[in-house]
Amino acid sequence: MPTLQRNPWRGRGIDLDCPLPLSDAGGVGRLLARCPAHQPTPLLAAPELAARAGVGEIWLKDERGRMGLGSFKALGAAHAIARDAAAAVRDDTWPEALTGRTYVAASAGNHGLSVAAGARLFGADAVIYLAETVPSAFAARLEAKGARVVRAGADYEASMAAAADAAKANGWTLLSDSSWPGYFELPRRVMEGYLQMAAEAVEQMPQPPTHIVLQAGVGGLAGAVAAHARLVWGDNPQIVIVEPDAAPALFASIAAGASVVTEGAVSNMGRLDCKAPSLIALAGLSRDADLFVTISDAEADAAVAVLEQLDLASTPSGGAGIAALLAGLDLGADARVLAILSEGAEDG
(Lines give C-alpha, C1' and ligand atoms only; values in the text may rest on other atoms or scores of the structure.)
Protein backbone atom coordinates (compact mmCIF):
# COMPACT_ATOMS: atom_id res chain seq x y z
CA MET A 1 0.00 0.00 0.00
CA PRO A 2 1.20 3.55 -0.67
CA THR A 3 2.33 5.66 2.27
CA LEU A 4 0.34 8.90 2.57
CA GLN A 5 0.98 12.32 4.05
CA ARG A 6 -1.41 15.29 4.02
CA ASN A 7 0.19 18.64 3.23
CA PRO A 8 -0.02 20.98 6.26
CA TRP A 9 1.38 23.87 4.16
CA ARG A 10 -1.40 23.80 1.56
CA GLY A 11 -2.40 27.30 0.44
CA ARG A 12 0.48 29.18 2.06
CA GLY A 13 3.53 27.08 1.19
CA ILE A 14 6.93 26.76 2.83
CA ASP A 15 9.07 29.91 2.73
CA LEU A 16 12.21 28.78 0.90
CA ASP A 17 13.51 32.18 -0.27
CA CYS A 18 13.16 31.23 -3.92
CA PRO A 19 10.79 32.00 -6.79
CA LEU A 20 7.58 30.05 -7.23
CA PRO A 21 6.85 28.12 -10.43
CA LEU A 22 5.40 30.10 -13.30
CA SER A 23 1.77 29.27 -14.12
CA ASP A 24 0.86 31.03 -17.39
CA ALA A 25 1.57 28.92 -20.48
CA GLY A 26 1.07 31.68 -23.07
CA GLY A 27 4.74 32.41 -23.66
CA VAL A 28 5.55 28.73 -24.13
CA GLY A 29 2.87 28.34 -26.75
CA ARG A 30 4.16 31.31 -28.74
CA LEU A 31 7.68 29.87 -28.85
CA LEU A 32 6.47 26.37 -29.72
CA ALA A 33 4.51 27.78 -32.64
CA ARG A 34 7.93 28.32 -34.30
CA CYS A 35 8.85 24.65 -33.92
CA PRO A 36 7.84 22.35 -36.81
CA ALA A 37 8.08 19.28 -34.56
CA HIS A 38 5.53 20.59 -32.09
CA GLN A 39 2.11 18.96 -31.96
CA PRO A 40 -0.18 18.60 -28.94
CA THR A 41 -0.07 15.15 -27.35
CA PRO A 42 -3.33 13.24 -26.88
CA LEU A 43 -5.48 12.87 -23.78
CA LEU A 44 -6.67 9.28 -23.53
CA ALA A 45 -9.75 7.96 -21.77
CA ALA A 46 -8.80 4.81 -19.84
CA PRO A 47 -12.01 3.15 -18.59
CA GLU A 48 -10.45 -0.29 -18.02
CA LEU A 49 -7.67 1.27 -15.98
CA ALA A 50 -10.24 3.27 -13.99
CA ALA A 51 -12.15 0.08 -13.20
CA ARG A 52 -9.00 -1.63 -11.95
CA ALA A 53 -8.12 1.42 -9.82
CA GLY A 54 -11.63 1.72 -8.35
CA VAL A 55 -12.29 5.26 -9.63
CA GLY A 56 -14.93 6.68 -11.94
CA GLU A 57 -12.69 7.95 -14.74
CA ILE A 58 -9.00 8.13 -15.60
CA TRP A 59 -7.74 10.51 -18.26
CA LEU A 60 -4.12 10.02 -19.32
CA LYS A 61 -2.08 12.84 -20.83
CA ASP A 62 0.07 10.72 -23.12
CA GLU A 63 3.55 12.25 -23.40
CA ARG A 64 5.17 9.20 -24.97
CA GLY A 65 5.35 10.81 -28.41
CA ARG A 66 6.18 14.40 -27.42
CA MET A 67 8.16 16.02 -30.29
CA GLY A 68 9.66 12.67 -31.26
CA LEU A 69 11.69 12.46 -28.04
CA GLY A 70 9.43 10.06 -26.15
CA SER A 71 8.93 12.11 -22.99
CA PHE A 72 7.38 15.26 -21.53
CA LYS A 73 10.90 16.55 -20.96
CA ALA A 74 11.08 17.51 -24.62
CA LEU A 75 9.22 20.63 -23.46
CA GLY A 76 11.65 21.64 -20.72
CA ALA A 77 15.30 22.26 -21.52
CA ALA A 78 14.53 22.91 -25.20
CA HIS A 79 12.18 25.69 -24.09
CA ALA A 80 14.85 27.25 -21.87
CA ILE A 81 17.34 27.14 -24.75
CA ALA A 82 14.76 28.62 -27.12
CA ARG A 83 14.37 31.52 -24.68
CA ASP A 84 18.11 32.14 -24.88
CA ALA A 85 17.96 31.94 -28.67
CA ALA A 86 15.11 34.44 -28.82
CA ALA A 87 17.25 36.90 -26.85
CA ALA A 88 20.30 36.35 -29.08
CA VAL A 89 18.94 35.89 -32.60
CA ARG A 90 19.83 38.44 -35.29
CA ASP A 91 18.17 38.81 -38.72
CA ASP A 92 15.97 35.77 -38.07
CA THR A 93 18.97 33.39 -38.31
CA TRP A 94 17.59 30.99 -35.69
CA PRO A 95 19.79 27.96 -36.61
CA GLU A 96 22.91 30.00 -35.72
CA ALA A 97 21.47 32.01 -32.84
CA LEU A 98 23.56 30.23 -30.19
CA THR A 99 26.65 29.25 -32.19
CA GLY A 100 29.69 29.01 -29.93
CA ARG A 101 27.66 28.31 -26.79
CA THR A 102 27.77 25.00 -24.91
CA TYR A 103 25.07 23.70 -22.59
CA VAL A 104 26.00 21.07 -20.02
CA ALA A 105 23.58 19.00 -17.95
CA ALA A 106 23.29 15.89 -15.85
CA SER A 107 20.50 13.56 -16.81
CA ALA A 108 18.94 10.17 -16.38
CA GLY A 109 18.16 10.31 -20.10
CA ASN A 110 15.14 12.42 -20.98
CA HIS A 111 16.28 15.84 -19.75
CA GLY A 112 19.50 15.28 -21.66
CA LEU A 113 17.59 14.55 -24.86
CA SER A 114 15.79 17.86 -24.52
CA VAL A 115 19.08 19.71 -23.94
CA ALA A 116 20.64 17.99 -26.95
CA ALA A 117 17.68 18.66 -29.23
CA GLY A 118 17.37 22.30 -28.19
CA ALA A 119 21.09 22.97 -28.53
CA ARG A 120 21.26 21.46 -32.02
CA LEU A 121 18.19 23.41 -33.15
CA PHE A 122 19.86 26.76 -32.40
CA GLY A 123 23.51 26.00 -33.23
CA ALA A 124 24.83 25.32 -29.71
CA ASP A 125 26.76 22.31 -28.41
CA ALA A 126 25.53 19.94 -25.68
CA VAL A 127 27.53 17.90 -23.16
CA ILE A 128 25.50 15.47 -21.03
CA TYR A 129 26.81 13.81 -17.88
CA LEU A 130 25.31 10.41 -17.06
CA ALA A 131 25.69 8.23 -13.99
CA GLU A 132 27.01 4.72 -14.57
CA THR A 133 23.51 3.32 -13.84
CA VAL A 134 21.84 5.07 -16.81
CA PRO A 135 21.12 2.52 -19.59
CA SER A 136 23.49 2.57 -22.55
CA ALA A 137 20.56 2.98 -24.95
CA PHE A 138 19.90 6.42 -23.48
CA ALA A 139 23.53 7.37 -24.08
CA ALA A 140 23.21 6.22 -27.69
CA ARG A 141 20.07 8.31 -28.19
CA LEU A 142 21.83 11.37 -26.78
CA GLU A 143 24.78 10.88 -29.12
CA ALA A 144 22.38 10.49 -32.05
CA LYS A 145 21.05 13.97 -31.18
CA GLY A 146 24.57 15.37 -31.41
CA ALA A 147 25.42 15.48 -27.69
CA ARG A 148 28.75 14.51 -26.20
CA VAL A 149 28.15 12.00 -23.40
CA VAL A 150 30.38 11.79 -20.31
CA ARG A 151 29.94 9.09 -17.67
CA ALA A 152 30.49 10.29 -14.10
CA GLY A 153 29.63 8.72 -10.77
CA ALA A 154 27.35 6.03 -9.42
CA ASP A 155 24.16 8.10 -9.18
CA TYR A 156 22.43 11.22 -10.46
CA GLU A 157 23.81 13.41 -7.68
CA ALA A 158 27.39 12.49 -8.63
CA SER A 159 26.77 13.22 -12.31
CA MET A 160 25.16 16.54 -11.37
CA ALA A 161 28.23 17.56 -9.37
CA ALA A 162 30.47 16.63 -12.30
CA ALA A 163 28.35 18.66 -14.73
CA ALA A 164 28.47 21.70 -12.42
CA ASP A 165 32.26 21.39 -12.14
CA ALA A 166 32.59 21.16 -15.94
CA ALA A 167 30.43 24.26 -16.40
CA LYS A 168 32.70 26.28 -14.11
CA ALA A 169 35.91 24.95 -15.60
CA ASN A 170 34.93 25.52 -19.24
CA GLY A 171 32.63 28.54 -19.11
CA TRP A 172 29.66 26.43 -20.24
CA THR A 173 26.00 27.07 -19.36
CA LEU A 174 24.74 24.64 -16.73
CA LEU A 175 21.15 23.69 -17.59
CA SER A 176 19.58 21.68 -14.80
CA ASP A 177 15.97 20.70 -14.29
CA SER A 178 16.49 21.18 -10.56
CA SER A 179 17.12 24.37 -8.58
CA TRP A 180 19.09 25.28 -5.45
CA PRO A 181 20.17 28.47 -3.65
CA GLY A 182 21.56 30.89 -6.22
CA TYR A 183 20.46 28.83 -9.23
CA PHE A 184 16.89 29.59 -10.22
CA GLU A 185 16.43 31.31 -13.59
CA LEU A 186 17.16 28.46 -16.02
CA PRO A 187 15.40 25.67 -14.07
CA ARG A 188 12.37 27.94 -13.73
CA ARG A 189 12.37 28.28 -17.52
CA VAL A 190 12.68 24.50 -17.84
CA MET A 191 9.62 24.11 -15.63
CA GLU A 192 7.82 26.79 -17.64
CA GLY A 193 8.12 24.57 -20.72
CA TYR A 194 6.13 21.85 -18.96
CA LEU A 195 3.19 24.26 -18.70
CA GLN A 196 2.39 23.47 -22.33
CA MET A 197 1.46 19.93 -21.30
CA ALA A 198 -0.81 21.27 -18.57
CA ALA A 199 -2.43 23.83 -20.86
CA GLU A 200 -3.19 21.15 -23.45
CA ALA A 201 -4.73 18.91 -20.80
CA VAL A 202 -6.97 21.75 -19.61
CA GLU A 203 -8.26 22.21 -23.17
CA GLN A 204 -8.71 18.48 -23.72
CA MET A 205 -10.47 17.49 -20.48
CA PRO A 206 -14.24 17.19 -21.06
CA GLN A 207 -14.81 18.30 -17.46
CA PRO A 208 -12.38 19.50 -14.79
CA PRO A 209 -10.83 16.63 -12.84
CA THR A 210 -11.63 15.97 -9.22
CA HIS A 211 -8.07 14.67 -8.70
CA ILE A 212 -4.71 15.15 -10.43
CA VAL A 213 -2.06 12.49 -9.77
CA LEU A 214 1.51 13.55 -10.59
CA GLN A 215 4.74 11.57 -10.26
CA ALA A 216 7.80 13.50 -9.10
CA GLY A 217 11.56 13.26 -9.08
CA VAL A 218 13.01 16.69 -8.32
CA GLY A 219 9.44 17.92 -8.87
CA GLY A 220 9.59 19.96 -12.07
CA LEU A 221 6.71 18.30 -13.91
CA ALA A 222 4.54 18.14 -10.81
CA GLY A 223 5.26 21.72 -9.77
CA ALA A 224 4.45 23.14 -13.20
CA VAL A 225 1.25 21.15 -13.75
CA ALA A 226 0.03 21.91 -10.23
CA ALA A 227 0.66 25.64 -10.64
CA HIS A 228 -1.27 25.78 -13.92
CA ALA A 229 -4.09 23.65 -12.52
CA ARG A 230 -4.54 26.04 -9.61
CA LEU A 231 -4.50 29.01 -12.02
CA VAL A 232 -7.24 27.50 -14.19
CA TRP A 233 -9.27 25.26 -11.89
CA GLY A 234 -8.69 26.89 -8.51
CA ASP A 235 -8.83 24.87 -5.30
CA ASN A 236 -11.25 22.18 -6.45
CA PRO A 237 -9.02 19.40 -7.83
CA GLN A 238 -7.16 17.45 -5.19
CA ILE A 239 -3.51 17.26 -6.28
CA VAL A 240 -1.57 14.12 -5.31
CA ILE A 241 2.23 13.83 -5.65
CA VAL A 242 3.79 10.36 -6.02
CA GLU A 243 7.46 9.49 -5.36
CA PRO A 244 9.54 6.30 -4.96
CA ASP A 245 9.89 5.25 -1.33
CA ALA A 246 13.65 5.05 -2.02
CA ALA A 247 13.73 8.76 -2.92
CA PRO A 248 11.03 10.60 -0.95
CA ALA A 249 12.61 14.05 -1.25
CA LEU A 250 9.35 16.03 -1.47
CA PHE A 251 7.54 13.79 1.03
CA ALA A 252 10.31 14.26 3.60
CA SER A 253 10.64 17.99 2.92
CA ILE A 254 6.92 18.56 3.45
CA ALA A 255 7.16 16.69 6.76
CA ALA A 256 10.16 18.78 7.85
CA GLY A 257 8.93 22.14 6.55
CA ALA A 258 12.28 22.61 4.81
CA SER A 259 14.28 21.15 1.94
CA VAL A 260 15.58 17.70 2.92
CA VAL A 261 18.17 15.50 1.23
CA THR A 262 17.14 11.86 1.54
CA GLU A 263 19.02 8.58 1.32
CA GLY A 264 17.97 5.24 -0.04
CA ALA A 265 18.66 2.39 -2.41
CA VAL A 266 18.62 2.88 -6.17
CA SER A 267 14.99 2.76 -7.35
CA ASN A 268 13.70 1.12 -10.52
CA MET A 269 11.87 4.43 -11.06
CA GLY A 270 15.14 5.81 -12.41
CA ARG A 271 13.90 9.17 -13.67
CA LEU A 272 12.22 9.76 -10.27
CA ASP A 273 15.17 8.54 -8.20
CA CYS A 274 16.21 12.00 -7.00
CA LYS A 275 17.27 12.33 -3.39
CA ALA A 276 16.96 16.16 -3.17
CA PRO A 277 14.05 18.30 -4.37
CA SER A 278 14.17 21.31 -6.65
CA LEU A 279 13.61 24.32 -4.40
CA ILE A 280 11.27 25.99 -6.90
CA ALA A 281 9.19 22.84 -7.26
CA LEU A 282 9.10 22.29 -3.50
CA ALA A 283 7.98 25.88 -2.90
CA GLY A 284 5.17 25.52 -5.43
CA LEU A 285 4.02 22.07 -4.38
CA SER A 286 4.02 22.98 -0.70
CA ARG A 287 1.46 25.63 -1.67
CA ASP A 288 -0.49 23.71 -4.32
CA ALA A 289 -0.50 19.97 -3.53
CA ASP A 290 -2.88 18.28 -1.12
CA LEU A 291 -1.35 14.86 -0.61
CA PHE A 292 2.12 13.33 -0.90
CA VAL A 293 2.46 9.59 -1.51
CA THR A 294 5.33 7.11 -1.79
CA ILE A 295 5.22 3.77 -3.59
CA SER A 296 7.55 0.79 -3.75
CA ASP A 297 9.49 -0.52 -6.73
CA ALA A 298 7.27 -3.63 -6.70
CA GLU A 299 4.14 -1.46 -6.96
CA ALA A 300 5.67 0.45 -9.86
CA ASP A 301 6.55 -2.82 -11.64
CA ALA A 302 3.02 -4.13 -11.15
CA ALA A 303 1.61 -1.00 -12.78
CA VAL A 304 3.93 -1.36 -15.77
CA ALA A 305 2.54 -4.85 -16.37
CA VAL A 306 -1.05 -3.57 -16.24
CA LEU A 307 -0.30 -0.66 -18.56
CA GLU A 308 1.30 -3.00 -21.08
CA GLN A 309 -1.77 -5.25 -21.03
CA LEU A 310 -3.90 -2.21 -21.87
CA ASP A 311 -1.63 -1.05 -24.75
CA LEU A 312 -0.39 1.87 -22.63
CA ALA A 313 3.22 0.72 -22.33
CA SER A 314 5.45 2.90 -20.17
CA THR A 315 8.19 2.58 -17.55
CA PRO A 316 8.09 2.43 -13.75
CA SER A 317 8.86 6.17 -13.81
CA GLY A 318 6.35 7.06 -16.51
CA GLY A 319 3.52 5.15 -14.88
CA ALA A 320 4.24 5.93 -11.22
CA GLY A 321 1.13 8.06 -10.74
CA ILE A 322 -1.04 5.23 -12.03
CA ALA A 323 0.93 2.80 -9.85
CA ALA A 324 -0.23 4.61 -6.73
CA LEU A 325 -3.86 4.22 -7.80
CA LEU A 326 -3.46 0.53 -8.62
CA ALA A 327 -1.62 -0.07 -5.34
CA GLY A 328 -4.59 1.06 -3.27
CA LEU A 329 -4.62 4.87 -3.15
CA ASP A 330 -8.33 5.44 -2.47
CA LEU A 331 -9.70 8.51 -4.21
CA GLY A 332 -13.33 7.36 -4.20
CA ALA A 333 -15.54 5.58 -6.71
CA ASP A 334 -16.68 8.86 -8.29
CA ALA A 335 -13.20 10.34 -8.76
CA ARG A 336 -12.38 11.79 -12.18
CA VAL A 337 -8.58 11.52 -12.33
CA LEU A 338 -6.09 13.29 -14.58
CA ALA A 339 -2.72 11.51 -14.71
CA ILE A 340 0.42 11.81 -16.85
CA LEU A 341 1.91 8.96 -18.85
CA SER A 342 5.21 10.77 -18.89
CA GLU A 343 7.46 8.55 -21.04
CA GLY A 344 7.47 5.60 -23.39
CA ALA A 345 8.48 2.05 -22.55
CA GLU A 346 11.91 2.07 -24.23
CA ASP A 347 14.69 0.72 -22.02
CA GLY A 348 12.69 0.68 -18.78
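Structural data are supplied above this passage.
The structure presented is a predicted model; accordingly, all values stated were derived computationally and were not measured. (Residues numbered from 1 in each chain as written. Predicted model: local features only at pLDDT ≥ 70, side-chain atom pairs only at ≥ 80, totals over all residues. Heavy atoms only, no water.)

A.B. asks: I keep staring at the overall build of the protein chain and nothing clicks. Help me out?
C.D. replies: Tallying secondary structure elements over the protein chain gives 12 helices and 11 strands in all. In terms of C-alpha radius of gyration, the protein chain reaches 19 Å, essentially the compact-globule figure of 20 Å for 348 residues. Out of the 348 residues in the protein chain, the part that is buried amounts to 61%. In the protein chain, once contacts between residues fewer than 6 apart in sequence are set aside, the share between residues at least 24 apart is 73%. Accessible surface for the protein chain amounts to roughly 13000 Å². Of this, 51% is attributable to carbon and sulfur atoms. Where the 26 positive side-chain charges of the protein chain centre and where its 39 negative ones centre are 5 Å apart. (Helix = DSSP H or I, 4+ residues; strand = E, 2+ residues; numbered from the N terminus. Rg over C-alpha atoms; globule rule 2.2 N^0.38 Å. Buried < 20%, exposed > 50% of the residue type's maximum accessible area, 1.4 Å probe, protein only. Contact = heavy atoms within 4.5 Å. Areas by Shrake-Rupley, 256 points an atom, 1.4 Å probe, with all protein chains shown as cover. Lys, Arg positive; Asp, Glu negative; His and termini not counted. Charge placed at Lys NZ, Arg CZ, Asp CG, Glu CD.)

A.B. asks: Honestly, the sheet that holds strand 8 (residues 211-215) in this entry has me stumped. Any pointers?
C.D. replies: The sheet built from 7 strands is open, its strands ordered 1-10-9-8-11-3-2 with mixed pairing. Among the strands making up the open sheet, the edge pair consists of strand 1 (3-6) and strand 2 (43-45). The mean angle between the axes of side-by-side strands here comes to 25°, regardless of whether they run parallel or antiparallel. As paired elements, strand 9 (residues 238-244) and strand 10 (residues 291-295) share 5 bridges and run parallel to each other. Within strand 10, the residue paired with Glu-243 across the bridge is Thr-294. Where helix 7 (residues 185-204) meets the sheet, its contacts fall on strand 2, strand 3 (57-62) and strand 11 (336-341), and the angle it forms with strand 3 comes to roughly 140°. (Pairing = 2+ DSSP bridges. Axes fitted to C-alpha atoms, helices over the stretch in contact; angles between N-to-C directions.)

A.B. asks: Honestly, the side chain of His-228 in this entry has me stumped. Any pointers?
C.D. replies: Topologically, His-228 is positioned in helix 8 (residues 220-233). Filtering out sequence-adjacent residues up to four positions away, His-228 remains in contact with Ser-23, Ala-25, Leu-195, Ala-198, Ala-199 and Val-202.

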